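Single-letter residue listing:
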Amino acid sequence: MALGLALGLAAYRVSQGGSLAKFIRLDQQDNVAILHMNSGAGHALTQGLRRQLLAQLQQIADRPDILGVVLAGPATGGVFSTGLALGELETGAQAPTLMTLCNRVAGFTKPVVAALQGPVLGGGLDLALAAHGRVALQNTHVGCHNSTLGLLPLGGATQRLPALLGAKAALTLLRGEELFPIRHPMLDGLVEEIVNDGLERAAVALVRLWSDHPDLHQTARNRRQGFRDGARFQAEI
């Protein structure tokens, strides 16, 4: 977990206020909003980024011309998010909290798809799980490095991971002992699609599909395949 801690230390130096910095870049493709998150060093979900992301979501909710949202890392590519900065992990996140952000994403009425690439760590995984669906580049790795600091995930991963993957896989991830490649068999069901390139194009296509077919969107939002076999789930705990 040296990678996660190093990124967290770098992110500790990032401004939390965001009064002057712009952490969210809004692009639009085929009537879908693409929100590129870029807080600078460490790719952390800083307080300023969380505040701006919530503001963008509110504006999009009020715009009938936008069909849905893609959450993505910087427009230059590389990383989705490494989660909260180390300073916030140690002292507690300031408002708006990661849980507030994740609940807003999860409850958003329009389709929200996370476009994953690179390391998706801690709070970054929380945010990805709160999205209604996920598309990933083949270089994506996921992990919960919070546990190495003696902390639980702060954005709902403890509930959403078991619902998607079952108890055994969720507990393995939540222990935070390593990063797992997105094609690992244990992660089957975590994402809708894995692509070699064209990540945002695939995410936009999924948003448009769900916008055109609200029944498919609702089914995706309510997926609970990890709970289907109750006896197995209990045995894995």
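Relevant structure appears above.
The structure presented is a predicted model; accordingly, all values stated were derived computationally and were not measured.

1. Section: the packing of helix α2 (residues 47–61) against helix α4 (residues 98–106)
The relative placement of two packed helices is expressed as an angle between their axes plus a distance between the axes.
Consideration 1: Between α2 and α4, the shortest axis-to-axis distance is 10 Å and the interhelical angle comes to 20°. On the basis of the axis angle, α2 is roughly parallel to α4. The crossing of α2 and α4 is left-handed. Contacts between α2 and α4 involve Arg-50, Leu-53, Leu-54, Leu-57, Gln-58 and Ala-61 from the former and Leu-98, Thr-100, Leu-101, Arg-104 and Val-105 from the latter.
Consideration 2: Residues of the contact of α2 with α4, tallied by class, amount to seven nonpolar, two polar and two charged.

2. Regarding helix α6 (residues 157–165)
Residues spaced three or four apart along an α-helix face the same direction, because each turn holds 3.6 residues.
Consideration 1: Within α6, seven of the nine residues are buried, which leaves the element mostly enclosed by the surrounding structure.
Consideration 2: Buried within α6 we find Ala-157, Arg-160, Leu-161, Pro-162, Ala-163, Leu-164 and Leu-165.

3. Topic: the pairing of strand β2 (residues 32–37)
Consideration 1: For β2, the buried fraction is high: six of the six residues fall into the buried class.
Consideration 2: Burial along β2 is two-sided: Val-32, Ile-34 and His-36 and Ala-33, Leu-35 and Met-37, pointing in opposite directions, are all buried.
Consideration 3: In this sheet, β2 lies alongside strand β1 (residues 24–29) in antiparallel orientation, the contact comprising six bridges. What sits directly across from Ile-24, in β2, is Met-37.
Consideration 4: From the end of β1 to the start of β2, which pair antiparallel, there are two residues, and Asp-30 there has a positive phi angle of about 50°.
Consideration 5: Bridging between β2 and strand β3 (residues 68–72) involves five bridges; their strand directions are parallel. Bridged to Leu-35 within β3 is Leu-71.

4. A short note on the nonpolar core
Consideration 1: Membership of the largest hydrophobic core comes to 48 residues, with the highest contact counts inside it found for Leu-127, Leu-161 and Leu-190.
Consideration 2: When residues of this core are traced back to their parent elements, those giving at least two are β2, α2, β3, α4, β4 (112–116), α5 (123–130), α6 and α7 (167–174).
Consideration 3: Setting aside its immediate chain neighbours within four residues, Leu-190 contacts Leu-129, Arg-134, Val-142, Leu-161, Leu-164, Leu-165, Ile-182 and Arg-223.
Consideration 4: Membership of the second largest hydrophobic core comes to 17 residues, among which are Val-32, Leu-137, Leu-199 and Val-207.

5. Points about unusual backbone geometry
Most peptide bonds take the trans form, and the phi angle of most residues other than glycine is negative.
Consideration 1: The omega angle of the peptide bond from Ala-95 to Pro-96 is -5°, so this bond is cis rather than trans.
Consideration 2: Within the fold, Pro-96 resides in the loop between α3 (86–91) and α4.
Consideration 3: Its identity is not glycine, yet Asp-30 carries a phi of approximately 50°, on the positive side.
Consideration 4: Tracing the backbone through its elements, the reader meets Asp-30 in the loop between β1 and β2.
Consideration 5: Overall, Asp-30 belongs to the partly exposed group, its relative accessible area being 47%.
Consideration 6: At Asn-31, a position not held by glycine, the phi torsion is positive, near 65°.
Consideration 7: Relative to the assigned elements, Asn-31 resides in the loop between β1 and β2.

6. Observations concerning the pairing of strand β6 (residues 133–137)
Working note: regular strand, side chains alternate between the two faces of the sheet.
Consideration 1: Among the five residues of β6, five are classified as buried, and the element is accordingly described as predominantly covered.
Consideration 2: The alternating pattern of β6 places Gly-133, Val-135 and Leu-137 and Arg-134 and Ala-136 on opposite faces, both of which are buried.
Consideration 3: In the sheet, β4 pairs with β6 via four bridges, with the strands oriented parallel. Across the sheet, residue Leu-116 finds its bridge partner in β6, namely Ala-136.
Consideration 4: Two strands pair when backbone bridges link them, and β6 and strand β9 (residues 193–195) are joined in this way by three bridges, in the parallel orientation. Looking at β9, one finds that Ala-136 is bridged to Ile-194.

Parameters at a glance
Residues numbered from 1 in each chain as written. Predicted model: local features only at pLDDT ≥ 70, side-chain atom pairs only at ≥ 80, totals over all residues. Heavy atoms only, no water. Axes fitted to C-alpha atoms, helices over the stretch in contact; angles between N-to-C directions. Helix = DSSP H or I, 4+ residues; strand = E, 2+ residues; numbered from the N terminus. Parallel < 35°, antiparallel > 145°, perpendicular 65-115°, else oblique. Left-handed = near helix turned anticlockwise from the far one by under 90°. Contact = heavy atoms within 4.5 Å. Nonpolar A, V, L, I, M, F, W, Y, C, P; charged D, E, K, R; others polar. Buried < 20%, exposed > 50% of the residue type's maximum accessible area, 1.4 Å probe, protein only. Pairing = 2+ DSSP bridges. Core = buried A, V, L, I, M, F, W, Y, C linked by side-chain atoms within 4.5 Å.

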